[in-house]
Amino acid sequence: MLSKQQKLRWGILGCGRIANDFVMGLHLVAAARVVACASRSLEAAQAFGRMHDIPTCYESYEALCCDPNVDVIYVGTLHTLHYPHTLLALRHNKHVLVEKPMSMNQREAEEMIALAREKNLFLMEAMWTRFFPAVRQVRALLRDGVLGAVHAVKADMGFAFPANADRIWKRSLGGGGLLDIGIYPLAFVSMVFEGEEPENVHTVGATSADEGVDTYAVVTLQYSKNRFGTIQYSCLADFVEEVVIVGEKGTLRINAPAHVADRITLSLHGQPSQEMHFPHPAPAPSKSSFNFGGSVGFMYEGEAVTQCILNNERECSEYALSESLLLSRVMDSARKSLGVVYEADQPRSSL
Ligand SMILES: NC(=O)C1=CN([C@@H]2O[C@H](COP(=O)(O)OP(=O)(O)OC[C@H]3O[C@@H](n4cnc5c(N)ncnc54)[C@H](OP(=O)(O)O)[C@@H]3O)[C@@H](O)[C@H]2O)C=CC1
Ligand SMILES: O=C1OC[C@@H](O)[C@H](O)[C@H]1O
């Protein structure tokens, strides 16, 4: 059992672009230490290790998972690999934080969660937006009932991804907008409705002519008592990226860019709007630089997961596994409407 006095020892599985940013965020977490990293090539792992002062570098993911000095593994590989790499780490008795989307579909998510529970290990999908102070403040305001009953939530995300962004455009890599970016507005809607199961999910959208991955969609979720969530995403155009929560007493906005929010705006009927600011912290000194905007905010997720594991919790109450499962179910349903099918959706023998 881990003690609260010791630092949590992180291992990084996959030394790609997001792993770089996550490690830089983790450097701001006092109770965390990155002790090892692994790549498919030793040279790549060593280059990553040098860049981030990581003492042990492995040329295989399995070797990292066998390291007795590692407590928790961050899975930062491609969508299609989250399932096998999470199972690999759990089977070696490591706690796991796995990048979003947790899996390609609900069936994979169920298996991952079942194994984590069987092994009594921590598991969380890296929905890092949930841990930003601005977003925590939104939850607190909603809990306090500032808006009264919520009628509707609207959220969007869109990027004009370049033609060479293979993991977005290639179906074999789990491409398409829903799993990569649509999941963020979906998680905001689910946050506001506190993980409630929608009664209906309606999806319209478009797919790419060559690979058949989803390029654009609007998904409307109908909740009990005629409450609605609507998300819109695009891989073809830059969207504003705002979350608008409409209640009986007014509107609460997570201002753009919502997935790395530093500002929210409360507009109550008959009152002047009130802006609340949550500036991002300064990054720790590093030889590297961030690949994605707002990535210093990984420190919030890193801190939350580190504390959960040091407190011997097996999931995080701010982003429970039941919610990941719900999102995977909604995304399966949306993909079915769009006609997007992955290899992982085919019947297969278990890994
Ligand atoms: N939270 C956020 O803001 C963001 C999250 N992400 C998520 O992070 C994950 C990774 O995205 P990103 O870092 O941009 O991806 P990269 O293209 O940088 O790839 C990630 C890593 O996957 C590993 N990998 C393992 N097997 C293969 C394979 N067969 N082909 C290619 N790569 C392989 C590689 O690690 P190695 O070579 O070291 O073995 C690679 O560096 C995705 O799930 C994405 O959704 C991405 C961007 C932002
Ligand atoms: O999680 C993400 O957020 C930023 C996007 O650019 C990236 O594609 C996605 O994976």
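Residues numbered from 1 in each chain as written. Chains lettered and ligands numbered in written order. Predicted model: local features only at pLDDT ≥ 70, side-chain atom pairs only at ≥ 80, totals over all residues.

- You'll find the protein entered in an unreviewed UniProt entry as D-xylose 1-dehydrogenase (NADP(+), D-xylono-1,5-lactone-forming), with Achlya hypogyna given as the organism.
- Heading Sequence similarities (unreviewed entry) of the UniProt record for the protein holds this comment: "Belongs to the Gfo/Idh/MocA family." (UniProt positions renumbered as here; feature names shortened; annotations may be inferred.)

**Notes on the domain arrangement of the protein**
Argument step 1. Examined at the domain level, the protein breaks down into domain 1 (8–126) and domain 2 (129–277 + 294–299 + 320–345).
Argument step 2. Between domain 1 and domain 2, the C-alpha centre-to-centre distance is 25 Å.
Argument step 3. With 23 residues of domain 1 at the contact, the number on the domain 2 side is 19 residues.
Argument step 4. The set of elements that each furnish at least two residues to the side of domain 1 that touches domain 2 consists of helix H1 (17–26), helix H5 (106–118) and strand S6 (123–126).
Argument step 5. For the side of domain 1 that touches domain 2, the residue count by class is twelve nonpolar, six polar and five charged. (Domains from an automatic or database assignment. Contact = placed C-beta atoms within 7 Å. Helix = DSSP H or I, 4+ residues; strand = E, 2+ residues; numbered from the N terminus. Nonpolar A, V, L, I, M, F, W, Y, C, P; charged D, E, K, R; others polar.)

**Points about the UniProt feature "domain: GFO/IDH/MocA-like oxidoreductase" (unreviewed entry) in the protein**
Argument step 1. Here, the residues flagged by UniProt with the feature "domain: GFO/IDH/MocA-like oxidoreductase" (unreviewed entry) are residues 135–253.
Argument step 2. Here residues 135–253 is 24% helix and 37% strand, with 10 Å between the C-alpha atoms at its ends.

**Things to note about the sheet that holds strand S4 (residues 72–75)**
Argument step 1. One open sheet holds the six strands; their spatial order is S3-S2-S1-S4-S5-S6, and the pairing between them is parallel. With partners counted over all chains shown, the strands left at the sheet margins are strand S3 (56–58) and S6, one partner each. Across the sheet, the mean angle separating the axes of adjacent strands is 25° when strand polarity is ignored.
Argument step 2. Examined bridge by bridge, strand S5 (residues 95–99) and S6 share four bridges and lie parallel to one another. (Pairing = 2+ DSSP bridges. Axes fitted to C-alpha atoms, helices over the stretch in contact; angles between N-to-C directions.)

**Considering the site of ligand 1**
Argument step 1. Surrounding ligand 1, one finds 19 residues, the nearest of these being Cys15, Gly16, Ile18, Ser39 and Arg40.
Argument step 2. Taken together, the residues of the shell around ligand 1 break down into seven nonpolar, six polar and six charged. (Near = placed C-beta within 6 Å.)

**Section: the confidence of the model for the protein**
Any region with low pLDDT has predicted coordinates that should not be read closely.
Argument step 1. Predicted confidence across the protein gives a mean pLDDT of 97, with 99% of residues reaching 70 or more.
Argument step 2. As scored by the predictor, the complex reaches a pTM of 0.98 and an ipTM of 0.98. (pLDDT = per-residue confidence, 0-100.)

**Examining the pairing of strand S12 (residues 250–254)**
Argument step 1. Examined bridge by bridge, strand S11 (residues 243–247) and S12 share five bridges and lie antiparallel to one another. Within S12, the residue paired with Ile245 across the bridge is Leu252.
Argument step 2. Connecting the antiparallel pair S11 and S12 is a turn made up of two residues.
Argument step 3. In this sheet, strand S13 (residues 263–268) lies alongside S12 in antiparallel orientation, the contact comprising five bridges. From the neighbouring strand, Thr251 faces S13, where its bridge partner is Ser267.

**Details of the nonpolar core**
Argument step 1. Among the nonpolar cores identified, the biggest contains 103 residues, and Ile73, Val96 and Phe188 are the most heavily contacted of them.
Argument step 2. Ranked by the residues each element gives to this core, the list is headed by helix H8 (residues 177–192), at eleven residues.
Argument step 3. Two domains share this core, each providing at least three of its residues, namely domain 1 (8–126) and domain 2 (129–277 + 294–299 + 320–345).
Argument step 4. With sequence-adjacent residues up to four places away left out, Val96 is seen in contact with Val72, Ile73, Val75, Thr86, Ala89, Leu90, Leu121 and Leu123. (Core = buried A, V, L, I, M, F, W, Y, C linked by C-beta atoms within 7 Å. Buried ≥ 20, exposed ≤ 12 C-beta atoms within 10 Å, placed from the backbone.)

**A word on unusual backbone geometry**
Argument step 1. Cis peptide bonds are those with omega within 30 degrees of zero, and the linkage from Lys100 to Pro101 qualifies with -10°.
Argument step 2. Turning to its location among the elements, Pro101 is positioned in the loop between S5 and H5.
Argument step 3. Geometrically, the link from Ala256 to Pro257 is a cis peptide bond, its omega value of -10° lying close to zero.
Argument step 4. With respect to the element layout, Pro257 can be found in the loop between S12 and S13.
Argument step 5. One non-glycine residue with positive phi stands out, namely Lys225, at about 55°.
Argument step 6. Tracing the backbone shows Lys225 in the loop between strand S9 (214–223) and strand S10 (227–234).
Argument step 7. A positive phi is found at Asn312, a non-glycine position, where the angle reads about 60°.
Argument step 8. Its place among the elements puts Asn312 in the loop between helix H9 (298–310) and helix H10 (321–338).

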